[in-house]
Amino acid sequence: KPLASTVILQLVDEGKVSLDDPVSRYGINLPGTVLVRHLLSHTSEGVPGTRYAYNGDRFSLLDSVVARAAGKPFAAAVQERIIAPLGLKHLAPTPQSAAFAASGLDRNAYLANVVPGYTWVDGRYVATAYQTLFSTAAGLTASARDYAAFSMAMDRDAFLRPATKVLAWTPVVSPSGATFPYGLGWFATDYKGVRVIWHYGYW
């Protein structure tokens with residue numbers, strides 16, 4: 001989600017997307033007037049903008065925003081805009097997806113360097129199958145070093161205008177004044193008085 005957010009916010013900086021565009025402009029049909037910012041901040045359910053509900057399925061609808069505004073699928077856009085400029089060779093769509101082809105990497109060589117996951121089942125560990133789906137919401141694989149390279153690039157404003165990054169990293173506030181734990185594609189929470197910008201990866 002942070003990489004997807006970065007690609008979309010680059011499109012915002014380029015004037016190709018507005019956070020206040022109705023998502024219907026990008027072929028996304030949802031009840032109510034849902035804006036791009038609502039999908040990015042997990043505030044698209046119910047009355048848009050009034051409550052936070054983390055929903056990866058809703059976030060994945062942003063695929064259409066990238067495809068229509070960038071003129072290419074998210075896998076190609078993230079490769080062109082983030083992965084290639086940083087020279088990352090261990091960050092790509094899950095090799096089990098067709099989107100992996102956008103990386104230009106050798107699938108077998110990449111898989112040979114991917115650690116297997118395990119699940120505890122009936123008193124023993126069983127190999128966990130990797131997900132096969134890829135979208136703006138999930139499905140990127142990465143080494144710790146490559147993800148750290150992306151993080152440091154964000155810190156030095158390599159991809160976004162400083163004001164745009166601040167917006168992404170600022171917690172959304174509802175019309176009633178409630179502060180949510182999420183900005184635009186990033187968690188933005190306070191821990192002992194310190195703002196922490198973070199995200200987790202589930203798949």
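Structure: see above.
Only a predicted model underlies this, so the values are computations on that prediction, with no experimental measurement involved. (Residues numbered from 1 in each chain as written. Predicted model: local features only at pLDDT ≥ 70, side-chain atom pairs only at ≥ 80, totals over all residues. Heavy atoms only, no water.)

A. Just the overall build of the protein chain, in detail. Helix and strand counts for the protein chain come out as 8 helices and 6 strands. When the elements of the protein chain are put in sequence order from the N terminus, they spell out α-α-α-α-α-β-α-β-β-β-α-α-β-β. What you see for the protein chain is a C-alpha radius of gyration of 17 Å, in line with the 17 Å of a compact globule of 203 residues. Counting only C-alpha atoms and orienting by the principal axes, one finds that the protein chain spans roughly 50 × 40 × 35 Å. Per-residue burial over the protein chain gives 41% buried out of 203 residues. Here the contacts in the protein chain between residues at least 6 apart in sequence split such that 53% fall between residues at least 24 apart. Element-wise, carbon and sulfur atoms account for 55% of the exposed surface of the protein chain, whose accessible area totals about 10,600 Å². Side-chain charges of the protein chain comprise 18 positive and 14 negative groups, with the mean position of each set lying 1 Å from the other. (Helix = DSSP H or I, 4+ residues; strand = E, 2+ residues; numbered from the N terminus. Rg over C-alpha atoms; globule rule 2.2 N^0.38 Å. Buried < 20%, exposed > 50% of the residue type's maximum accessible area, 1.4 Å probe, protein only. Contact = heavy atoms within 4.5 Å. Areas by Shrake-Rupley, 256 points an atom, 1.4 Å probe, with all protein chains shown as cover. Lys, Arg positive; Asp, Glu negative; His and termini not counted. Charge placed at Lys NZ, Arg CZ, Asp CG, Glu CD.)

B. Structural context of the packing of aromatic side chains. Inspection of the entire model under this criterion finds 15 aromatic pairs. Ring geometry for W169 against W186: centres 5.5 Å apart, planes inclined by 75°, an arrangement best described as edge-to-face. Placement of W169 in the loop between helix 8 (162–168) and strand 5 (187–191) and of W186 in the loop between helix 8 and strand 5 is noted, with a sequence separation of 17 residues between them. In this structure W169 comes out as buried when scored by relative accessible area, which is 17%. Grouping aromatic residues by their ring pairs yields a cluster made of Y52, Y54, F180, Y182, F187, W198 and Y200. Of note, K1 hangs over the ring of F59, and the distance from its end group to the ring centre comes to 5.8 Å. (Phe/Tyr/Trp six-rings, centres within 6.5 Å; stacked < 30°, edge-to-face > 60°. Lys NZ or Arg CZ within 6 Å of the ring centre and 35° of its normal.)

C. How the structure looks around the pattern of salt bridges. Under the defined criterion, the tally for this structure stands at 7 salt bridges. Across the pair K16 and E14 runs a salt bridge, and its minimum N-O distance is 3.4 Å. We note a salt bridge from R195 to D190, for which the minimum N-O separation is 2.8 Å. In this structure R195 comes out as partly exposed when scored by relative accessible area, which is 41%. D190 gets classed as exposed once you look at its relative accessible area, which sits at 53%. When salt bridges that share partners are traced, they join E14, K16 and R81 into one network. (Salt bridge = Lys/Arg side-chain N within 4 Å of Asp/Glu carboxyl O.)

D. Examining the layout of surface pockets more closely. In this model, the largest pocket occupies a volume close to 1,200 Å³. Looking at the largest pocket, it is lined by 38 residues, and the ones nearest its centre are G139, L140, G201, Y202 and W203. Tallied by class, residues from the lining of the largest pocket come to 21 nonpolar, 15 polar and 2 charged. Empty space within the second largest pocket amounts to approximately 160 Å³. Lining the second largest pocket, in full, are R37, H38, S41, T43, G49, L167, T170, P171, V172, V173 and L184. Split by residue class, the lining of the second largest pocket holds 5 nonpolar, 5 polar and 1 charged. (1 Å grid on protein atoms, 1.4 Å probe; cavity = no way out; pocket = protein on both sides within 12 Å on 5 of 7 lines; lining within 4 Å. Points joined across faces, edges and corners; volume = space filled by probe spheres on them. Nonpolar A, V, L, I, M, F, W, Y, C, P; charged D, E, K, R; others polar.)

E. Structural detail: the pairing of strand 3 (residues 124–128). Within strand 3, only 0 of the 5 residues are buried, which leaves it mostly out in the open. Sheet topology places strand 2 (residues 117–121) next to strand 3; 5 bridges connect them, and they run antiparallel. For Y118, the partnering residue across the bridge sits in strand 3 and is A127. The antiparallel hairpin formed by strand 2 and strand 3 contains 2 residues in its connecting segment, where D122 sits at a positive phi of about 50°. (Pairing = 2+ DSSP bridges.)

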